[in-house]
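Given next are the chains, with one letter for each unit.
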Amino acid sequence: MDKKQKQILAVITILAFAILGLWGIDTGQTYYMVSEIKENPDGFEGNDINTMGAIKQGTLDVKPGNITFMLRDIEQPEKYIEVEYTGDLPPNLEEGKELSIEGKIDRQGNLKAEKIVMGCPSKYSE
C-alpha cells in the first residue's frame, strides 16, 4: 500500500469513528428558559421539553417516591416553575444547585420531570 492509499484509509477510518461516535446523539435538542415556559404555559402543555435552572431555596421536598421543588430561572431568578419528579433521587440534589430537566408541562403549568441531570449544559440552543 502506497502513502496516498494509507492517507485515504486513515481519513475513511477517522470519518467512520466520527459517524459512529455521533450516532444516536440528539443534536436538535432545544432548552427553554423557565421564563419562556412561564410566559406561554399553554403553548408547552403536553409537550416534551428540556429546561434548566437552579432549585429555589426553601422549596425542595423529598419524600419516598416523590420529589418536588421550584426550578428558578438562571437569568431571571424571580421566575420559577414547580417541578414534580417520581424517579430515583439524583445524586447531589440540593437547593441552589443547577440542573437540567426533561419532562412535560401539565394543565396547571407545572413540569412533570421524567429525567433530572445535575449540572446544566454549557449553553442554550435555539
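All of these numbers come straight from a predicted model, not from anything done at the bench.

## Notes on the overall build of the chain
Right, so step 1: Each helix and strand in the chain was counted, giving three helices and seven strands.
Right, so step 2: Its helices and strands taken in sequence order, the chain reads α-β-α-α-β-β-β-β-β-β from the N to the C terminus.
Right, so step 3: Within the chain, buried positions represent 27% of all 126 residues.
Right, so step 4: Put simply, of all contacts in the chain between residues at least 6 apart along the chain, 52% involve residues at least 24 apart.
Right, so step 5: In the form shown here, the chain has an accessible surface area of approximately 8400 Å², with 52% of it arising from carbon and sulfur atoms.

## Quick notes on the nonpolar core
Right, so step 1: Ranked by internal contacts, the top residues of the largest apolar core, which has 18 residues, are Phe-69, Leu-71, Ile-81, Val-83, Leu-99 and Ile-101.
Right, so step 2: For this core, the secondary structure elements donating two or more residues are α2 (34-39), β2 (48-55), β4 (66-72), β5 (80-85), β6 (98-105) and β7 (111-118).

## Focus: the confidence of the model for the chain
Right, so step 1: Taken residue by residue, the chain gives an average pLDDT of 82. The fraction at 70 or more is 83%.
Right, so step 2: Every residue in residues 22-27 scores below 50 in pLDDT, and together they form zero contacts with partners more than four places removed in sequence or on other chains.

## Considerations on the packing of aromatic side chains
Any aromatic ring pair is given by two values, namely how distant the centres are and how the planes are angled relative to each other.
Right, so step 1: Taken as a whole and judged by the stated rule, the model has one aromatic pair.
Right, so step 2: Here Lys-56 stacks its cationic end above the ring of Tyr-80, 3.7 Å away from the centre of that ring.

## Focus: unusual backbone geometry
Right, so step 1: The residue Asn-92 is not glycine, and still its phi comes out positive at about 65°.
Right, so step 2: Of note, Asn-92 is situated in the loop between β5 and β6.
Right, so step 3: When its relative accessible area of 54% is taken as the criterion, Asn-92 is described as exposed.

## Description of the pattern of salt bridges
Where charged atoms of side chains with opposite charge meet at close range, the side chains can pair.
Right, so step 1: Counted under the stated rule, the structure contains five salt bridges.
Right, so step 2: Put simply, Lys-63 and Asp-61 hold a salt bridge, and the shortest N to O gap is 3.4 Å.
Right, so step 3: Asp-106 is the salt-bridge partner of Lys-112, the closest N and O atoms lying 3.6 Å from each other.
Right, so step 4: On the accessibility criterion, Asp-106 (14% relative accessible area) is buried.
Right, so step 5: Where salt bridges share partners, they join Glu-84, Asp-106 and Lys-112 into one cluster.

## Here's the deal with the environment of Pro-90
Right, so step 1: Along the chain, Pro-90 turns up in the loop between β5 and β6.
Right, so step 2: The buried category is assigned to Pro-90, whose relative accessible area is 9%.
Right, so step 3: Here the alpha-carbon distance between Pro-90 and Met-118, two residues 28 residues apart in the chain, equals 7.3 Å.
Right, so step 4: Discounting residues that sit within four places of it in the chain, Pro-90 has contacts with Ile-67, Tyr-85, Ile-116 and Met-118.

What counts and what doesn't
Residues numbered from 1 in each chain as written. Predicted model: local features only at pLDDT ≥ 70, side-chain atom pairs only at ≥ 80, totals over all residues. Heavy atoms only, no water. Helix = DSSP H or I, 4+ residues; strand = E, 2+ residues; numbered from the N terminus. Buried < 20%, exposed > 50% of the residue type's maximum accessible area, 1.4 Å probe, protein only. Contact = heavy atoms within 4.5 Å. Areas by Shrake-Rupley, 256 points an atom, 1.4 Å probe, with all protein chains shown as cover. Core = buried A, V, L, I, M, F, W, Y, C linked by side-chain atoms within 4.5 Å. pLDDT = per-residue confidence, 0-100. Phe/Tyr/Trp six-rings, centres within 6.5 Å; stacked < 30°, edge-to-face > 60°. Lys NZ or Arg CZ within 6 Å of the ring centre and 35° of its normal. Salt bridge = Lys/Arg side-chain N within 4 Å of Asp/Glu carboxyl O.

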